[in-house]
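Architecture and fold: a report
So you can see what is in the structure, the chains are spelled out below.
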Protein chains: 2
Amino acid sequence: VAEREHIDVMRDEGEFRLIARLAERLERAGVSRASAAEVHLGIGDDAAVTAPRGATATSTEALVEGVHFRRDAAPIGSIGRKALAAALSDLAAMGASAGEAYIALGIPDDLGEPECLELYDGVAAVAADTGTIVLGGDVTRSPVLVLAVTVVGHAAAADALVSRAGASPGEVLAVTGELGGAAAGLLLVDRPELASELGEGTAALLVKRQVEPTPLLAAGTALASAGASAMIDLSDGLGADAAQIAAASGVRVAIELDRLPVQDGVARAAAAAGVDERELAAGGGEDYELLAVLPPDRVGDAQRAVSGVGSKLTVIGRTASGEGVEIRAPDGSALEPSGFDHLRTRPAPGAPD
Amino acid sequence: VAEREHIDVMRDEGEFRLIARLAERLERAGVSRASAAEVHLGIGDDAAVTAPRGATATSTEALVEGVHFRRDAAPIGSIGRKALAAALSDLAAMGASAGEAYIALGIPDDLGEPECLELYDGVAAVAADTGTIVLGGDVTRSPVLVLAVTVVGHAAAADALVSRAGASPGEVLAVTGELGGAAAGLLLVDRPELASELGEGTAALLVKRQVEPTPLLAAGTALASAGASAMIDLSDGLGADAAQIAAASGVRVAIELDRLPVQDGVARAAAAAGVDERELAAGGGEDYELLAVLPPDRVGDAQRAVSGVGSKLTVIGRTASGEGVEIRAPDGSALEPSGFDHLRTRPAPGAPD
């Protein structure tokens, strides 16, 4: 039946019907066209038309089957969720508000219409949660499932947005939420038998952290308003992402390992898997928390602002003159700042290396 | 050496070095960052920052190896050219001016850094020709070469942009330039032996039409200024694209086959290949000319405006009450309006079906 359905969708009626159904799905979720005056034209024309006010922040994120995800490791809707969430996380790291999304979808021959719609339900769920409107994209055949998501966020003016380049020596480094959960979740996806050593509830939360990340848009705008001088989202790992701030700002970033807010269950998952929990927290990546640099006198404001949107902000280090990143353990030893590099070691759950 | 180079690039130094080199390439071409006050932040941060004035038109186009192109059929730079050109053609069809581009690049293991840079030289050439600035994107591994390009164009206000939906009965249908060249070029890519029957010069022009299309941005803004009520670019074929205008505007579109401006050499290529030249001109697609609907009293203005930017505008039919598309031959017979459907029959040069 699935095969037959696929033939109907992809061969006989083709692209136009599928696009119409995907658009219908987004419309049902209320994320296909804003009532806002800024959106003039949505899906179904040569281009979407908006009239943005102030400044826009635009970012692109591509997820490829076998590189970033495996189709059988999680419900297909979570792939749609993760693609949009990861793209929006970059806007959060600018302190931008969510705006519009454009999605290029490459569909393999063995993916039927029901799966495409389920994928879009995941996209629509994140769009609805964040106030993002899906205004366009492209649909094409592809040997593997590909999602390339471009998101546009908004701010009152360009100087209200926070780049990676604004940090100065003598500032404070802080991180939202908790770390290591996504990396521990990845261990559990690869080795489900470890879940019994953690308790199913804790294991499920860690896996959810890996497969359904949340873009922290409200925390991002809170940090921007509280005076963050530089900001980045933690996608590649704390060490690697901190190195981006260090390089862009021309400062040295010093992180104190025992200050990292490690998520509940990460230590036990690490122990069960025989890996270092500090590596999961500092090097694992994909937590999509925000790493911000703040003037020392704004830390209290920033913590209150981040608490006000349901997260927390932990001071984990400082900036200094110099370059690079130093992650120091309480015993004085230094940890190699590491992170994932998509082209080298980025792990998909169970994907071939 | 190529293999070794690849290992260096993709495994040892990874994503960051490649991104830096791609950015360098764009910078050298002068298309990485506008001096315009509207661009505040380009490649290398979480997002690009602009402060657009007026309205924006945004469109996404994905090209996948084996579906839209074959890597060995043309220099790899022309794949980069075509990806950006096809995306910009959608902006031309809105009457927008070129603005920014964001490129998600999926790189297979057997593509080395020199080829990636050559690909970007093609992107940069089209960007330079059209005044487009490449402000961001994503780079990732992929089993096949994938380019997903999102472009943002600009207009003074949303109502200066032309959708597919504004045509009324009793208007005139006109097309820029000449048709059939891209389809004839595709025949020649697949069967190079036909070139000898055409003369090398003519054959080369037809192949160029297929592998290096030009986005008609100046003609698009000229037609928008001249009062076009609906517009679309010819990517899927005249019949299929006219059907989009008919459906979106709620009109019937009647095309007179003997009025089509067929490119020089198309008739001979069709004869040599044993196909109907009219099918190439009306159904072949990928000419990236603009199909516009105009009020009858604005046709002269529109023709002068399009001539002024180096193209021509030919009246090929009219709109009427009703629905659908009719392509009528001089003998009164009707041609089936056809076009390519990417998910069904879209041909890559020599790609597997």
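Note that the structure is predicted; figures quoted are calculated from it, not measured.

Next up on the list: the relation of the copies chain A and chain B. Aligned on chain B, chain A shows an RMSD of 0.0 Å; the corresponding rotation is 180° and the shift along the axis is 0.0 Å. Between the two chains, the operation in question is that of a two-fold axis. A shared binding surface is used by both copies, with 100% of the interface residues of chain A retained as interface residues in chain B.

All names here are of chain A. Under the criterion given, the structure shown has 44 salt bridges over all chains. The closest approach of N and O atoms between Lys82 and Glu286, which form a salt bridge, is 3.4 Å. Placement of Lys82 in helix 3 (residues 76-92) and of Glu286 in the loop between helix 10 (277-283) and strand 10 (290-294) is noted, with a sequence separation of 204 residues between them. In terms of burial, Lys82 and Glu286 fall into one category: buried.

Here we come to the interface of chain A and chain B. Taken together, the contact pairs 65 residues of chain A with 65 residues of chain B. The interface formed by chain A and chain B contains four salt bridges. Its salt-bridge partner being Asp46 of chain A, residue Arg164 of chain B comes within 3.0 Å of it at the nearest N-O pair. Counting the contacts that link chain A with chain B gives 17 residue pairs in polar contact (both at pLDDT 80 or more). Here the element with the most residues in the side of chain A that touches chain B is strand 3 (residues 55-64) of chain A; it accounts for nine residues.

Looking now at the pairing of strand 3 (residues 55-64) of chain B. Among the 10 residues in strand 3 of chain B, 10 count as buried, and that is most of the element. Neither face of strand 3 of chain B is left uncovered, since the one carrying Ala55, Ala57, Ser59, Glu61 and Leu63 of chain B and the one carrying Thr56, Thr58, Thr60, Ala62 and Val64 of chain B both have all their residues buried. Where strand 2 (residues 48-50) of chain A meets strand 3 of chain B, three bridges bridge the pair, whose relative direction is antiparallel. Bridge pairing in strand 3 of chain B links Thr50 of chain A to Thr56 of chain B. Pairing geometry for strand 3 of chain B and strand 6 (residues 146-155) of chain B, over 10 bridges, is antiparallel.

Right, let's get into the environment of Glu286 of chain B. Take Glu286 of chain B: its relative accessible area is 6%, and that puts it in the buried class. On a C-alpha basis, the gap between Glu286 of chain B and Val211 of chain B in space is 9.5 Å, while along the polypeptide they are 75 residues apart.

The subject of this paragraph is helix 3 of chain A. In an α-helix there are 3.6 residues to a turn, and that puts residues three or four apart on one side. A rise of 1.5 Å per residue sets the reference length of helix 3 of chain A, with its 17 residues, at 24 Å; its end C-alpha atoms lie 24 Å apart and thus fit the reference within 8%. In terms of burial, helix 3 of chain A is largely enclosed, as 16 of its 17 residues are buried.

Let us look at the pairing of strand 5 (residues 133-141) of chain A. All names here are of chain A. With eight of nine residues buried, strand 5 lies mostly within the body of the structure. The sheet contact formed by strand 4 (residues 97-107) and strand 5 spans eight bridges and is parallel. Counted as the bridge partner of Ile103 is Gly137 from strand 5. For the crossover that starts at strand 4, traverses helix 4 (residues 113-130) and ends in the parallel strand 5, the hand is right-handed.

Strand pairing in a sheet is mediated by backbone hydrogen bonds. Such pairs are either parallel or antiparallel. Residue and element names in this part refer to chain B. In spatial order, the strands read 8-10-7-11-9-12-13; together these seven strands make up an open sheet with mixed pairing. In this open sheet, the two strands that pair with only one neighbour each are strand 8 (230-233) and strand 13 (334-335). Two strands pair when backbone bridges link them, and strand 7 (residues 172-176) and strand 11 (residues 313-320) are joined in this way by five bridges, in the antiparallel orientation. Bridging from a neighbouring strand, Val175 pairs with Thr314 of strand 11.

What follows covers unusual backbone geometry. For Tyr288 of chain A, which is not glycine, the phi dihedral falls at a positive 55°. The residue Tyr288 of chain A is located in the loop between helix 10 and strand 10 in this model. For Glu286 of chain B, which is not glycine, the phi torsion reads 65° and is therefore positive.

This next bit is on the sheet that holds strand 2 (residues 48-50) of chain B. Here we have six strands laid out as an open sheet, ordered 5(A)-4(A)-6(A)-3(A)-2(B)-1(B), and mixed in their pairing. Since the sheet does not close on itself, it has two edges, and those belong to strand 5 of chain A together with strand 1 (39-41) of chain B, each with one partner. Strand-to-strand twist across the sheet, computed as the mean angle between neighbouring axes with direction ignored, equals 20°. Packed onto the sheet, helix 4 of chain A meets strand 4, strand 5 and strand 6 (146-155) of chain A and runs at close to 170° relative to strand 4 of chain A.

When two helices pack together, their arrangement is given by the angle between the helix axes and by the axis-to-axis distance. Residue and element names in this part refer to chain B. Packing of helix 4 (residues 181-190) against helix 5 (residues 200-211) brings their axes to within 7 Å, and their N-to-C directions diverge by 105°. Taken together, the axis directions place helix 4 and helix 5 in an arrangement best described as roughly perpendicular. Each of Gly181, Ala182, Ala183, Ala184, Gly185, Leu186, Leu188 and Val189 in helix 4 lies in contact with helix 5, whose residues at this interface are Ala203, Leu206, Val207, Arg209 and Gln210. When its residues are assigned to classes, the contact of helix 4 with helix 5 shows nine nonpolar, three polar and one charged.

For the rest of this paragraph, the subject is the packing of helix 3 of chain A against helix 4 of chain A. Residues and elements named next belong to chain A. Interaxial distance between helix 3 and helix 4 falls to 6 Å at its minimum, and their mutual angle equals 40°. With respect to helix 4, the element helix 3 is oriented oblique. Of the two possible hands of crossing, helix 3 and helix 4 adopt the one that is right-handed. In this structure, helix 3 uses Ile76, Gly77, Ile79, Gly80, Arg81, Leu84, Ala85 and Leu88 to contact helix 4, whose residues at the interface are Glu115, Glu118, Leu119, Gly122, Val123, Ala125, Val126, Ala127, Asp129 and Thr130.

Reading the values: the criteria
- Residues numbered from 1 in each chain as written.
- Chains lettered and ligands numbered in written order.
- Predicted model: local features only at pLDDT ≥ 70, side-chain atom pairs only at ≥ 80, totals over all residues.
- Heavy atoms only, no water.
- Least-squares fit on C-alpha atoms with pLDDT ≥ 70 in both.
- Contact = heavy atoms within 4.5 Å.
- Salt bridge = Lys/Arg side-chain N within 4 Å of Asp/Glu carboxyl O.
- Helix = DSSP H or I, 4+ residues; strand = E, 2+ residues; numbered from the N terminus.
- Buried < 20%, exposed > 50% of the residue type's maximum accessible area, 1.4 Å probe, protein only.
- Polar contact = N/O pair within 3.5 Å; in protein donor to acceptor, adjacent residues only side chain to side chain.
- Pairing = 2+ DSSP bridges.
- Expected span 1.5 Å × (residues − 1).
- Right-handed = clockwise from strand over helix to strand, strands pointing away.
- Axes fitted to C-alpha atoms, helices over the stretch in contact; angles between N-to-C directions.
- Parallel < 35°, antiparallel > 145°, perpendicular 65-115°, else oblique.
- Nonpolar A, V, L, I, M, F, W, Y, C, P; charged D, E, K, R; others polar.
- Left-handed = near helix turned anticlockwise from the far one by under 90°.

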